Amino acid sequence: MNRALVSTFARRCLHQARVPVALLAAALACMAVSAAPSSSPAVVAGPTTTASPAVSATPATGTWSHAYASYGATPKYPRGFAHFDYVNPDAPKGGTLQLQNPDRRSSFDKFNPYTIKGQSPAGLSTLMLESLAIRSGDEPGTIYGMVAEEMRVAPDKSSVTFRIHPKARFTNGDPVTAEDVKVVFQTLTGKGVAPGVRVRLAGIERATVLDDRTIRFDLKEHTDDAIFAAAGLPVFSRKWVQNNDGSPKKFDDIVQEVPIATGPYTIGEVDMPRRIEFVRDPNYWARDLGVAKGQYNFDRIVYRYYQDNAIAIEAFKAGEFDFLMEYSARRWARQHQGPKWADGRIVKDEFPNGFGMGLQSYVLNTRRPVLSDWRVRKAINLAFDFEAINVYKQYKRTNSVFANTDFAMQGMPGPGELALLEPFRSELPPEVFGPAWVPPRSDTSPNALRENLKQARALLQEAGWKVGEDGIARNAKGEPLEFEFLETGDAPGRAEAVFERNLAKIGIRLKSRLVDFSLFRKRLETYDFDMVMIKIGDFTLPEPADLKSQYGSANADIQGADNYRGVKSRAIDHVLEAMDKAQTMQQLTDAARALDRLLIFGYYQVPDLYGGSNRVSRWDRFGIPKVVPKYYTIATPSDWLQWAITAWWAKDADKNALARK
């Protein structure tokens, strides 16, 4: 399956709200090779650190290290650090955390998260299947040894070697060996494995056992992406996937055999397909290590599965589970209220996060003749009225491909950006060399929207489209200016209604077509669409490989690739190559900002909106660390920290701890 297809679709919620989760989130969660990777909040983000500061840079390559940071950065936490800042190292153990299904999975029927058929339960990868290294929740592009005590990256990034922690144990008591890890790699790159898993590991050539505790991965792609893929390899015992004689089992026949893994929890009571309980292992091997200290505090974590959102909300109000993530602005404003909120039994929180907001936009297919002219595409942008859509004032207008980060263009182009852009000046819009893009607004004056639409009409006329007496813009051949918005899932909502109305005022006819997912996917893969809504995944550092896939000329004519916009630009290709070869953070930043200018001022899409926080209603049953991490989810399956599951604790457990003193 196409990688971007799996990772970029956005699901629509009520009216303007969009859930920043792929339509295939359930499949992703099952396939993930995890590197465990919105009332006033009770906690605030802060820079406080309990770890000793690193006084010198850890060598990025060539030597053994407890951590690895991209682009030559210095890891925040030194060797032997006590704990991450966003946990409470003295958090008491005990209590039960009750959760709903955190993604679109509404049931489960297996315990193997890496095969195609069926659904594995939420929590299994996070709570049972640890990886060689894990991402930090407060640094971009940095990993710390987990099952692997240390790692060594070759100077040319041709390989990465891991040394297994001597204390690492599977739940059956066996020590973790390099041979186990090799078998994991061979299994997850072999037959019967979900395509998303194989794609993620595709940059790794081979795994070689050097001794009982040391394994080297030779990399096809000499990139941080391949290094992080190797580090994110989940660790399970070869006994789970081999017969007693050492021969491999057929992997997709392993369905309800519980993984033999290293994580802090084991499976307790199961009522398949609706309920599963995870039980904390008091003898968990890593409980005193800095990467795990203060985490995994609940004795039991229980997931219940609900068929739809309306049922789940009522179940939450009744106390069946402990907190409710909300993605809909309308529901957040209207349904998260009542007597239990008013008297404090339920607390309404917005926790900030620092992720770069993956671009959510109306993607315009420039292969279509009607959308091939940048002036037409700019006119369409001018007709988008964000202020009329953002009814509940809970979202920000997206102003960049790299929104909410320092990689977004700022002011005039800097010297590093100009060095990349100047060779192509004659081919580019003058705007690229001017101030950063500011989205047009409709609320700056009573006539603001009218002025935007007048400018849009002028652009259409310049491009050869004249509005007739019937109000429709036509070209010299008499062809009407019309295009189709292709959508799956819910019917188009308020945003599209406002958009359609404004486009009609400048002579453009927008038609919406709702199709089932299979047809939507087929038409997307064959580029048989005019406009679709797509949400790119959130990020900490720009991923050159993904950006090349989405905007590189090489993919523009390959069906099933990711260049949905049909972008073909020498300048963009040049900047993407510079980004891929960046060796320092400054080089990466310059290339990203240059790319941002090219993509935004090319008007290949109509940027939509984003939210910079995690919205949660929660029963007042938790202790929460004082420092909010920067890169995390609350409980949604992710390569990143699931903060509530790993770092919160039960208030009752806190009282019990005090009583014991």
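Positions within a chain are numbered from 1, following the residues in the order the chain's sequence is written. Whole-chain, interface and lining totals are the exception, using all residues; otherwise, since this is a predicted model, local features are given only for residues with pLDDT of at least 70 and side-chain atom pairs are given and counted only at 80 or more. To obtain the side-chain values, all non-hydrogen atoms of the structure were included, while hydrogens and water were left out.

Asker: Before we move on, can you summarise the overall build of the chain with the specific residues and values?
Answerer: Numbering of helices and strands starts at the N terminus; helices are DSSP runs of H or I of at least 4 residues and strands are runs of E of at least 2. Check the secondary structure of the chain and you find 21 helices and 31 strands. Residues classed as buried in the chain amount to 57% of the 661 residues present. Here, Shrake-Rupley sampling with a 1.4 Å probe gives the accessible areas, and only protein chains in the shown set may cover a residue. When the accessible surface of the chain is split by element, carbon and sulfur atoms take 50% of a total near 26,400 Å². We call a residue buried when its accessible area falls under 20% of the maximum for its residue type, exposed when it is over 50%, and partly exposed in between, using a 1.4 Å probe and counting protein chains only.

Asker: Quick rundown of the sheet that holds strand β8 (residues 159-164)? Include the residues and the values.
Answerer: Pairing in this open sheet of four strands is antiparallel, and the strands run β7-β8-β10-β9 from one edge to the other. Looking along the sheet, the strands with just one partner apiece sit at the ends: β7 (148-153) and β9 (204-211). Here the average twist between neighbouring strands, direction ignored, is 20°. Relative to strand β10 (residues 214-219), β8 runs antiparallel, the two sharing five bridges. Bridging across to β10, Phe162 finds its partner in Ile215. The criterion used for residue contact is that any of the two residues' heavy atoms lie within 4.5 Å. Lines fitted to the C-alpha atoms define the axes, with helices restricted to the stretch that makes contact. Angles between their N-to-C directions range from 0 to 180 degrees. Along the sheet, helix α4 (residues 178-188) contacts β8, β9 and β10; its crossing angle with β9, the most-contacted strand, is approximately 165°. Along the sheet, helix α6 (residues 224-231) makes contact with β7, β8, β9 and β10, crossing β8 at roughly 25°. DSSP calls a pair of strands paired once it identifies at least 2 bridges connecting them.

Asker: Please give an account of the sheet that holds strand β12 (residues 275-280) that cites residues and values.
Answerer: Within the open sheet, the four strands sit side by side as β4-β13-β12-β11. Their pairing is mixed. Each edge of the open sheet is held by one strand with a lone partner, namely β4 (96-100) and β11 (265-271). Across the sheet, the axes of successive neighbouring strands diverge by a mean angle of 20°, strand direction being ignored. By the bridge criterion, five bridges tie β12 to strand β13 (residues 300-304) in an arrangement that is antiparallel. Following the sheet pairing, Val279 is matched in β13 by Arg300.

Asker: I'd like a description of the environment of Val147, backed by residues and values.
Answerer: Within the secondary structure layout, Val147 lies in the loop between β6 (142-145) and β7. On the accessibility criterion, Val147 (0% relative accessible area) is buried. Taking the C-alpha atoms as reference points, Val147 and Ala168, 21 residues apart in sequence, are found 6.1 Å from one another. Contacts of Val147, omitting those with residues within four sequence positions, involve Glu130, Ser131, Leu132, Ile164, His165, Ala168, Val176, Val235, Thr262 and Trp285.

Asker: Can you explain helix α14 (residues 448-462)? Please cite residues and give values.
Answerer: Expected helix span is computed as 1.5 Å times (number of residues minus one). With 15 residues, α14 should cover 21 Å at 1.5 Å per step; its first-to-last C-alpha distance of 21 Å lies within 8% of that length. On its buried face, α14 is in contact with α11 (374-382) and α15 (494-505). Following α14 by one or two positions, Gly464 adopts a phi angle in the positive range, close to 95°.

Asker: Which residues make up the pattern of salt bridges, and what values go with them?
Answerer: Here, a salt bridge means any Lys or Arg side-chain nitrogen found within 4 Å of an Asp or Glu carboxyl oxygen. As enumerated under the stated definition, the model contains 46 salt bridges in all. Asp224 is the salt-bridge partner of Lys157, the closest N and O atoms lying 3.0 Å from each other. Here Asp224 lies in helix α6 and Lys157 lies in the loop between β7 and β8, a separation of 67 residues in the sequence. Among the salt bridges present, the one from Arg621 reaches Asp322, with a minimum N-O distance of 2.4 Å. Here the residue Arg621 occupies a position in the loop between β27 (613-619) and β28 (622-623), and Asp322 occupies one in the loop between α8 (309-317) and β14 (323-325), the gap between them amounting to 299 residues. Arg621 gets classed as partly exposed once you look at its relative accessible area, which sits at 33%. Each of Arg368, Glu484, Arg523, Asp528 and Asp530 takes part in one network of salt bridges that share partners.

Asker: How would you sum up the pairing of β6? Please name residues and give values.
Answerer: Side-chain alternation along β6 places Thr142 and Tyr144 on one buried face and Ile143 and Gly145 on a second face that is also buried. Here strand β3 (residues 67-69) pairs with β6 via three bridges, running antiparallel. In the strand pairing of β6, Ala69 is matched with Thr142. Of the pairings in the sheet, the one linking strand β5 (residues 133-135) to β6 comprises three bridges and is antiparallel in character. Opposite Arg135, over in β6, you have Ile143 as the bridge partner. The turn linking β5 back onto β6 is made up of six residues, and Gly141 within it adopts a positive phi angle of 60°.

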